[in-house]
Amino acid sequence: GDSVTQMEGPVTLSEEAFLTINCTYTATGYPSLFWYVQYPGEGLQLLLKATKADDKGSNKGFEATYRKETTSFHLEKGSVQVSDSAVYFCALSRSGDNYGQNFVFGPGTRLSVLP
Amino acid sequence: GAGVSQSPSNKVTEKGKDVELRCDPISGHTALYWYRQSLGQGLEFLIYFQGNSAPDKSGLPSDRFSAERTGGSVSTLTIQRTQQEDSAVYLCASSLVVVAYEQYFGPGTRLTVT
């Protein structure tokens, strides 16, 4: 079945460091791809998305490019801040009528940014 | 406006007891989802409600789990005869049906079964 794999955490970086969180997926058809972020004590929030190959999603300095040839959607940020400390989830959404089962989430990667 | 709210935020219960978890979706959102997030795991889909249609229960792990959505708004997830493996964070999300990927999540209920 469809699946999402993320790099294991936790990832610990110093402020202003470069961030990459790897995400690869397995899916039939052409899914849409997402990054969600979960700040401490809060629900998941949509961070960015890409709906077709070569699309780049971006938000709050984060970017991810939908790479169909490598089935990847790696999350990057050039200079992280302490406030970026959170858990990041990669997810895919399959097309189809069954919206309940449409979303597949990765296990999440915890990021800690130290001042 | 108000986001998705869930209650309680934390619940500790003894094995064998029943628990009810509540979700208040965003007003006007017709789609509502329940997920389970176990330690170190991704989100596991449990059940989906869409308007007045029959819910998609295909993700419920056993018949001890059930959910209702009254009046197309508030939803309650019930776990009967809780087991230790039920310990997890239970997340609720809602969305406008035609924008399925724009799911708005609540903060979750952390359930601990002792």
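**Student:** With reference to specific residues and values, describe the overall build of chain A.
**Tutor:** When you go through chain A residue by residue, the secondary structure sums to 0 helices and 12 strands. Secondary structure of chain A in N-to-C order comes out as β-β-β-β-β-β-β-β-β-β-β-β. Its C-alpha atoms give chain A a radius of gyration of 14 Å, near enough to 13 Å, the size a compact globule of 115 residues would have. C-alpha atoms of chain A, sized along the principal axes, occupy 45 × 30 × 20 Å. A total of 115 residues make up chain A; the buried ones form 45% of that total. Excluding contacts between residues fewer than 6 apart, the proportion of contacts in chain A whose partners are at least 24 apart in sequence is 55%. Only carbon and sulfur atoms are counted for the fraction: they give 46% of the accessible area of chain A, which is about 5,500 Å². Seen as two clouds, the 9 positive and the 12 negative side-chain charges of chain A have centres 4 Å apart.

**Student:** Can you explain the overall build of chain B? Please cite residues and give values.
**Tutor:** Helix and strand counts for chain B come out as 0 helices and 10 strands. Reading the secondary structure of chain B in the N-to-C direction produces β-β-β-β-β-β-β-β-β-β. When the backbone C-alpha atoms are referred to their principal axes, chain B occupies close to 40 × 25 × 25 Å. Looking at chain B alone, contacts between residues at least 24 apart form 55% of all its contacts between residues at least 6 apart. For chain B, the exposed area adds up to about 5,500 Å²; of that, 46% sits on carbon and sulfur atoms. Taken together, the 10 basic and 11 acidic charged side chains of chain B have centroids lying 4 Å from each other.

**Student:** How would you summarise the state of the cysteines if you had to cite specific residues and measurements?
**Tutor:** In this structure the tally under the stated criterion is 2 disulfides over all chains. The disulfide bridge from A:Cys23 ends at A:Cys90, spanning 1.9 Å between sulfur atoms. Given an S-S torsion of about -70°, the disulfide between A:Cys23 and A:Cys90 has left-handed geometry. Within this pair, whereas A:Cys23 is found in strand β4 (residues 23-26), its partner A:Cys90 is found in strand β10 (residues 86-93), the two being separated by 67 residues in sequence. Here A:Cys23 and A:Cys90 have matching classes, each one buried. One disulfide in the model links B:Cys23 with B:Cys92; its S-S distance is 1.9 Å.

**Student:** For the nonpolar core, give the residues involved together with the corresponding values.
**Tutor:** All names here are of chain A. If you look at the biggest cluster of nonpolar residues, it comprises 27 residues, and the most contacted ones within it are Trp35, Leu47, Leu48, Phe73, Leu75 and Tyr88. Taken together, the elements giving at least two residues each to this core come down to β2 (11-14), β3 (19-21), β4, β5 (32-38), β6 (44-50), β8 (62-65), β10 and β12 (109-114). Top element by residues in this core is β10. It accounts for 4 residues. Dropping the residues within four chain positions of it, Phe73 is found in contact with Cys23, Leu33, Phe34, Trp35, Leu48, Lys49, Ala50, Ala64, Thr65, Tyr66 and Cys90.

**Student:** Tell me what's going on with the packing of aromatic side chains, and back it up with residues and numbers.
**Tutor:** Under the defined criterion, the tally for this structure stands at 10 aromatic pairs over all chains. Judged by centre distance (6.3 Å) and plane angle (75°), the rings of B:Tyr35 and B:Phe45 are edge-to-face. Of the two residues, B:Tyr35 sits in strand β4 (residues 31-37) while B:Phe45 sits in strand β5 (residues 43-50), which places them 10 residues apart along the sequence. Residue B:Tyr35 shares its accessibility class with B:Phe45, and that shared class is buried. Each member of the aromatic cluster is reached from another via a ring pair, and the members are A:Tyr36, A:Phe105, B:Tyr33, B:Tyr35, B:Phe45, B:Tyr48 and B:Phe105.

**Student:** How would you sum up the side chain of A:Asp2? Please name residues and give values.
**Tutor:** Residue and element names in this part refer to chain A. Mapped onto the elements of the fold, Asp2 is located in the segment before β1 (3-6). At 3.5 Å, the side chain of Asp2 and the backbone nitrogen of Thr28 are in polar contact. Every residue in contact with Asp2, bar those within four places of it in the chain, is listed here: Thr26, Ala27, Thr28, Leu92, Arg94 and Val104.

Thresholds, definitions, all that
- Residues numbered from 1 in each chain as written.
- Chains lettered and ligands numbered in written order.
- Predicted model: local features only at pLDDT ≥ 70, side-chain atom pairs only at ≥ 80, totals over all residues.
- Heavy atoms only, no water.
- Helix = DSSP H or I, 4+ residues; strand = E, 2+ residues; numbered from the N terminus.
- Rg over C-alpha atoms; globule rule 2.2 N^0.38 Å.
- Buried < 20%, exposed > 50% of the residue type's maximum accessible area, 1.4 Å probe, protein only.
- Contact = heavy atoms within 4.5 Å.
- Areas by Shrake-Rupley, 256 points an atom, 1.4 Å probe, with all protein chains shown as cover.
- Lys, Arg positive; Asp, Glu negative; His and termini not counted.
- Charge placed at Lys NZ, Arg CZ, Asp CG, Glu CD.
- Disulfide = S-S within 2.5 Å.
- Core = buried A, V, L, I, M, F, W, Y, C linked by side-chain atoms within 4.5 Å.
- Phe/Tyr/Trp six-rings, centres within 6.5 Å; stacked < 30°, edge-to-face > 60°.
- Polar contact = N/O pair within 3.5 Å; in protein donor to acceptor, adjacent residues only side chain to side chain.

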